[in-house]
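Per-entry structural report
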Amino acid sequence: MTSVARKALNIALVQMKVTANKALNLQVAREKVLQASQKGADLVVLPECFNSPYGVQHFKDYAEPVSPTPGESVQALAAMAKDARVYLVGGTIPEVVPATQKVYNTCPVFDRQGNLLTTHRKVHLFDIDVPGKITFKESAVLSAGDHLTQFQTEFGAIAVGICYDLRFPEMAMIAARQGCIGMVYPAAFNTTTGPVFFELLQRARAVDNLFYVATCSPARSEDPKSYPAWGHSTVVSPIGEVLATCGHEETTVHSQWDLGAMEEARTSYPIYHQRRFDLYPDVSQSNKN
Ligand SMILES: NC(=O)CCC(=O)C(=O)O
């Protein structure tokens, strides 16, 4: 009996240490993307703010354009994707739009030839206040993106969100209903919210939609003044299993998205066809007042 090879996408999450030195961050990212490709990765993901420290006080200082003239990070990412021949979800960079001077937290995505396929600007800005623990207000400096994002590969379409976007199930559900095989989130949860929510949210987005979810965080810095990244870059299967993860150290997580397993899950649990949109056609209209 001949066995048919199942179609699987090899994914690598580069949980790298991020410093205040942009050139060094770009060089480290390049080395790790090339290493991931040598280990067979088709898709490589970098962390949120991989080229600069994560913090409201840093965004403007490190911001650079994506278009019309790409800045040094976008150029470096394009070269990495091309030289490694991988799809590259280029983490995020602070992006300034020259015409408006607005700043965004932006994820550029490249194909295997180094072409910029699309960009996702963080849609839900990270504004939280957990008394005595963490206060963060991205909206003090950043503008929010105004579109949902996906890109095409030979394995299927993949959608992109950024960190806090993970908390909003509608984004992932729309991606799944539009046929995406998974969602990828460059992310930087922290030591307050990470242990409580990070894995839970990923598993929830995966089982809600019976598709793959992957996140990529920076490694935790030893500098006590810097943002305390939770790390734990993770890949979750369509039935919510953690397929691969790590701690807060610098490492690259490798895993596979097995498309046959996704189809099996969707046949076993046919929730797609069981939804009652006649009962909940537009949840935004459901407020009591
Ligand atoms: N960088 C972020 O958006 C952090 C999100 C986060 O930590 C959360 O709890 O949500």
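Conventions adopted
Residues numbered from 1 in each chain as written. Predicted model: local features only at pLDDT ≥ 70, side-chain atom pairs only at ≥ 80, totals over all residues. Heavy atoms only, no water. UniProt positions renumbered as here; feature names shortened; annotations may be inferred. Helix = DSSP H or I, 4+ residues; strand = E, 2+ residues; numbered from the N terminus. Buried < 20%, exposed > 50% of the residue type's maximum accessible area, 1.4 Å probe, protein only. Arc of directions from axis to C-beta. Contact = heavy atoms within 4.5 Å. Polar contact = N/O pair within 3.5 Å; in protein donor to acceptor, adjacent residues only side chain to side chain. Axes fitted to C-alpha atoms, helices over the stretch in contact; angles between N-to-C directions. Parallel < 35°, antiparallel > 145°, perpendicular 65-115°, else oblique. Left-handed = near helix turned anticlockwise from the far one by under 90°. Nonpolar A, V, L, I, M, F, W, Y, C, P; charged D, E, K, R; others polar. Salt bridge = Lys/Arg side-chain N within 4 Å of Asp/Glu carboxyl O. Pairing = 2+ DSSP bridges. Right-handed = clockwise from strand over helix to strand, strands pointing away. Core = buried A, V, L, I, M, F, W, Y, C linked by side-chain atoms within 4.5 Å. Expected span 1.5 Å × (residues − 1).

The protein chain carries the name Omega-amidase nit3 in an unreviewed UniProt entry, which gives Dispira parvispora as its organism. The UniProt entry for the protein chain carries the following text under Sequence similarities (unreviewed entry): "Belongs to the carbon-nitrogen hydrolase superfamily. NIT1/NIT2 family."

Taken from the UniProt record, the annotation "domain: CN hydrolase" (unreviewed entry) applies to residues 9-259. Note that residues 9-259 is 24% helix and 29% strand, and that its end C-alpha atoms are spaced 8 Å apart.

All of the buried residues in helix α6 (residues 259-268) are L259, M262, A265 and R266. Burial along α6 is one-sided: seen end-on, the buried residues are contained in an arc of 115 degrees. Lining the buried residues of α6 we find α5 (194-209), β12 (212-216), β15 (251-258) and α7 (271-274). With a side-chain oxygen positioned 2.8 Å from the backbone nitrogen of G260, the residue opening α6 is D258.

Okay, the packing of helix α1 (residues 22-38) against helix α3 (residues 72-84) next. Where α1 contacts α3, the two axes come as close as 9 Å, and the packing angle between them is 15 degrees. When the axis of α1 is compared with that of α3, the two are roughly parallel. Along this stretch, α1 crosses α3, giving a crossing that reads as right-handed. In this structure, α1 contributes K22, L26, A29, R30, V33, L34 and S37 to the contact, and α3 contributes E72, S73, A76, A79, M80, D83 and A84. Class assignment of the residues belonging to the contact of α1 with α3 gives a composition of eight nonpolar, two polar and four charged.

The tally for this structure, following the rule as stated, stands at twelve salt bridges. A salt bridge links E222 to K17; the nearest nitrogen and oxygen atoms lie 2.8 Å apart. Highlighted residues: E222 in the loop between β12 and β13 (234-236) and K17 in the loop between β1 (8-15) and α1, separated in sequence by 205 residues. Overall, the relative accessible area of 66% leaves E222 in the exposed class. The exposure class assigned to K17 is partly exposed, which follows from its relative accessible area of 32%. Note that E199 and R203 form a salt bridge whose closest N and O atoms lie 3.8 Å from each other.

Moving on, we get to the pairing of β1. With seven of eight residues buried, β1 is to be regarded as a mostly interior element. The pairing of β1 with β15 spans eight bridges and is classified as antiparallel. Within the sheet, the bridge partner assigned to V14 lies in β15 and is T252. Bridging between β1 and strand β2 (residues 43-45) involves three bridges; their strand directions are parallel. The residue of β2 that forms the bridge with L13 is V45. Between the parallel elements β1 and β2, the chain passes through α1 in a crossover that is right-handed.

Residues I11, L43 and W257 are the most contacted members of the largest nonpolar core, which totals 49 residues. Excluding residues within four positions of it along the chain, W257 makes contact with K7, A8, L9, I11, I158, I181, G182, M183, V184, Y212, A214 and V235. Membership of the second largest hydrophobic core comes to 24 residues, among which are V18, L26, V44 and V66.

Cis peptide bonds are those with omega within 30 degrees of zero, and the linkage from S67 to P68 qualifies with 0 degrees. Structurally, P68 is set in the loop between α2 (59-62) and α3. In this model, Q101 sits at a positive phi of 65 degrees, which is unusual for a non-glycine residue.

Glancing now at α1. The end-to-end C-alpha separation of α1 is 25 Å, in line with the 24 Å expected for 17 residues at 1.5 Å each. Within α1, burial applies to K22, N25, L26, V28, A29, K32, V33, A36 and S37. Along the axis of α1, the buried residues cluster in a sector spanning 165 degrees; they form a single face. On its buried face, α1 is in contact with β1, β2, α2, α3, β3 (87-89) and β15. Among the residues of α1, the N-terminal cap falls to N21, whose side-chain oxygen and the backbone nitrogen of A23 are separated by 3.1 Å. Just past α1, the residue G40 takes up positive phi, approximately 100 degrees.

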